[in-house]
Amino acid sequence: MAHEVQVVLDGWSYTECPRWHDGRLWFADFYTHRVVSAAADGSDVRVEAEVPQQPSGLGWLPDGRLLVVSMRDRTLLRREESGELVVHADLAPYVTGHPNDMVVDAQGRAYVGNFGFDLMAGAPIDTATLVRVDPDGQVVVVAEDLLFPNGSALTPEGTLVLSETFGNRITAFDVAADGSLSGRRDWARFGDVPGTAVIAEALPHLAVAPDGLCLDAEGAVWVADALHGRVLRVLEGGEVTDEIAAGSGVFACMLGGDDGRTLFLSSAPDFDEHRRSAAREARVLAVRVDVPHGGLP
């Protein structure tokens with residue numbers, strides 16, 4: 001089908017981790033250090049939280065309190081009913097790079113990825129952990145040896161799907177009743193794992209650099225391709241059924257809107273923090289699709 005991409009919000013630094021929650025679009029804007037919400041058409045913009053150490057992944061506890069990843073101090077924050085942000089969990093002992101995206105399950109357990117290395121400094125690619133933060137703030141490492149664990153989602157059947165941005169793949173795990181993970185497998189493989197730790201040499205080998213993702217009601221994944229300015233609809237096994245060009249870089253996506261059929265895209269010219277923090281060129285885009293939202297977030 002033909003897809004018409006529209007601009008919903010413009011003039012941001014680097015929008016990330018879009019979510020549809022309580023009838024509104026939420027997202028983090030990295031370099032203005034804000035969590036923002038807006039109506040589906042981009043009106044009624046509200047600043048929901050100020051996160052000085054750079055906000056990223058968003059989610060909610062069962063009682064409605066917001067959780068937000070604070071990247072540079074490696075914490076997970078919780079917004080109390082008063083609006084105050086408090087530390088929900090200290091992630092620093094468990095991660096080797098900035099924590100980034102996450103998904104929160106129906107019990108309030110947060111699964112949080114991290115870079116694994118200093119991406120912006122051009123450090124060698126290294127593997128990373130995935131941690132689970134329980135509702136009481138306890139942190140447990142639930143997976144290791146991941147190549148930049150990034151966007152994630154939970155299916156109604158109890159599968160965690162996870163982008164490995166430098167791994168050319170989307171990975172899946174079975175989620176047990178206690179929140180532990182098992183049965184690691186390729187959910188979709190786009191190519192071989194790059195055989196180098198040098199970022200500049202690895203990037204050309206990534207047929208898809210899977211970044212933020214979400215599920216639809218048919219169990220397919222919409223995933224942002226961080227290197228090629230597009231989002232892909234991917235079936236388990238790797239078949240691509242749809243491709244939407246964003247006209248710019250695109251780094252995350254989320255299905256929402258009143259009927260769950262609006263795909264929101266976090267778009268910017270690139271992901272370089274020095275250029276993005278100095279400019280206000282990031283956008284949130286929207287495009288209508290056929291199959292509505294599914295799973296979490």
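I will try to describe carefully the structure that is included in this document. It should be emphasised that the depicted structure is a prediction, and the values quoted were computed from it without experimental measurement. (Residues numbered from 1 in each chain as written. Predicted model: local features only at pLDDT ≥ 70, side-chain atom pairs only at ≥ 80, totals over all residues. Heavy atoms only, no water.)

Bringing the packing of aromatic side chains into the picture now. A full pass over the atoms with the stated rule returns 12 aromatic pairs. Members of the aromatic cluster, joined through ring pairs, are Y14, F30, Y31, F251 and F271. (Phe/Tyr/Trp six-rings, centres within 6.5 Å; stacked < 30°, edge-to-face > 60°.)

Attention now moves to the pairing of strand β14 (residues 149-154). Within β14, six of the six residues are buried, leaving the element largely enclosed by the surrounding structure. Where β14 hands over to strand β15 (residues 159-164), the hairpin turn is made up of four residues, of which G158 adopts a positive phi near 95°. (Buried < 20%, exposed > 50% of the residue type's maximum accessible area, 1.4 Å probe, protein only. Helix = DSSP H or I, 4+ residues; strand = E, 2+ residues; numbered from the N terminus. Pairing = 2+ DSSP bridges.)

Next up on the list: the nonpolar core. If you look at the biggest cluster of nonpolar residues, it comprises 43 residues, and the most contacted ones within it are L76, L91 and F166. Setting aside anything within four residues of it in sequence, one finds F166 in contact with F117, L119, I125, L147, F148, P194, I199, L203 and L206. (Core = buried A, V, L, I, M, F, W, Y, C linked by side-chain atoms within 4.5 Å. Contact = heavy atoms within 4.5 Å.)

Going from L296 to P297, the amide bond is cis rather than trans, its omega being 0°. Along the polypeptide, P297 turns up in the segment after β25 (293-294). Here H33, not a glycine, exhibits a phi torsion of approximately 60°, which is positive. Structurally, H33 is set in the loop between β3 (24-29) and β4 (34-38). If you check the backbone angles, N168 has positive phi at about 60° while not being a glycine. Note on placement: N168 falls in the loop between β15 and β16 (169-175). In this structure N168 comes out as buried when scored by relative accessible area, which is 0%.

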